[in-house]
Every structure is written in C-alpha cells, then in structure tokens.
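Report on the structure
Here is how the chains run, residue by residue.
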Amino acid sequence: MNNNKSITVNLDEDTFATFKEASEIVEKAGIRVPTNQLVQTMLNAEMQRLSARKVAQRFLKSIIEQIGGLRGAVLDDEDDDKLPVLRPAAAKA
C-alpha cells in the first residue's frame, strides 16, 4: 500500500542551484539522481528528525525574519520550543 502524498514545492533560484549542484556531485560519484529526487530525499530525511512543533517554529521564525520583525536577531530553532507570536497589525483609520 502506497501512502505517499504529492505536493509541489517551489524553490528559490539559489536553493534550486544548490540542489542541482548536489545532484551533479552525486552523479560524479557514479549515481545519477534527478534534482527533484534529491530534494524529496532531503525533505523526507529532515522530517524524520523534526516534530510538527519544530517545523511550525522554523516556519514562523522565517516569516518573522522576512518581514523584519527580528532584524539583527539570531534565529536558532534548536535553542527553545517557544513559538513566536504574530500579532495582527493595527488597522489604519
């Protein structure tokens, strides 16, 4: 029985380039692996070591960093289990 679910993942150019280069390195070692299979393998391996809480924590910290909420702060998701809180912005009149 196959319980795999399919999703589409869009990578930014730098991330895709990293995975593509990794695929080429693996190929030089004698194993041809498509970039998408390498991405899938890495995501599945990473998910085996992370809890849902850690995934959510990483996502929320990433969003906060992107919008500038933690400018200059070091985001280390290994330090604690606190989830950052996103507060809605006050409505402008």
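In what follows, the structure referred to is the one given above.
Quantities reported herein were computed from a predicted structural model and do not represent experimental measurements.

1. Describing helix α3 (residues 52-66)
Compared with the 21 Å implied by 1.5 Å per residue over 15 residues, the 21 Å span of α3 between its first and last C-alpha is a close match. Residues of α3 that are buried: Lys54, Gln57, Lys61 and Ile64. All buried residues of α3 project into a common sector of 95° when viewed along the axis, lining one side. Projecting away from the buried face of α3 at angles above 90 degrees are the exposed residues Ala52, Phe59 and Gln66. Gly68 occupies a position one or two residues after α3 and carries a positive phi of about 90°.

2. Re the packing of helix α1 (residues 13-28) against helix α2 (residues 35-49)
Where α1 contacts α2, the two axes come as close as 9 Å, and the packing angle between them is 105°. Here α1 is positioned roughly perpendicular relative to α2, judged by the angle of their axes. For the pair α1 and α2, the contacting residues are Phe16, Phe19, Lys20, Ala22 and Ser23 in the first and Thr35, Leu38, Val39 and Met42 in the second. Residue classes in the contact of α1 with α2 are distributed as 6 nonpolar, 2 polar and 1 charged.

3. What about the pattern of salt bridges?
If you walk through the whole model with that rule in mind, you get 3 salt bridges. When the shortest N-O distance is used, the salt bridge between Arg49 and Glu46 registers 3.2 Å. One end of the pair is Arg49 and the other is Glu46, both in helix α2 and 3 residues apart, which spans about a single turn. Since its relative accessible area comes to 26%, Glu46 is described here as partly exposed. One salt bridge connects Arg58 with Glu46, and the closest N-O pair in it is separated by 2.8 Å. One end of the pair, Arg58, is in helix α3; the other, Glu46, is in helix α2, and 12 residues separate them in sequence. Overlapping salt bridges, with partners in common, bring together Glu46, Arg49 and Arg58 in one network.

Reading the values: rules and limits
The numbers attached to residues start from 1 for each chain and follow its sequence in the written order. Local features in this predicted model are restricted to residues whose pLDDT is 70 or higher, and side-chain atom pairs enter the listing and the counts only when it is 80 or higher, whereas totals over whole chains, interfaces and linings include all residues. Side-chain numbers come from the whole structure's heavy atoms, not from hydrogens or water. The numbering of helices and of strands both runs from the N terminus, where a helix is a DSSP run of H or I of at least 4 residues and a strand a run of E of at least 2. Expected span, for any helix, means 1.5 Å times one less than how many residues it has. Think of it in three bands: residues with accessible area under 20% of the maximum for their type are buried, residues over 50% are exposed, and the middle band is partly exposed, with areas taken using a 1.4 Å probe on protein chains only. Working note: the arc is built from the helix axis to C-beta atom directions. Note on definitions: angles span 0 to 180 degrees between N-to-C directions of axes, and those axes are lines fitted to C-alpha atoms, for helices only across the stretch in contact. Geometric relationships in this document are graded by angle, where less than 35 degrees denotes roughly parallel, more than 145 denotes roughly antiparallel, 65 to 115 denotes roughly perpendicular, and other angles denote oblique. By the convention used here, residues are in contact when the closest approach between their heavy atoms is within 4.5 Å. Any residue that is not Ala, Val, Leu, Ile, Met, Phe, Trp, Tyr, Cys, Pro, Asp, Glu, Lys or Arg is counted as polar, Gly included; the first ten are nonpolar and the last four charged. Salt bridges are identified by distance alone: a Lys or Arg side-chain nitrogen within 4 Å of an Asp or Glu carboxyl oxygen.

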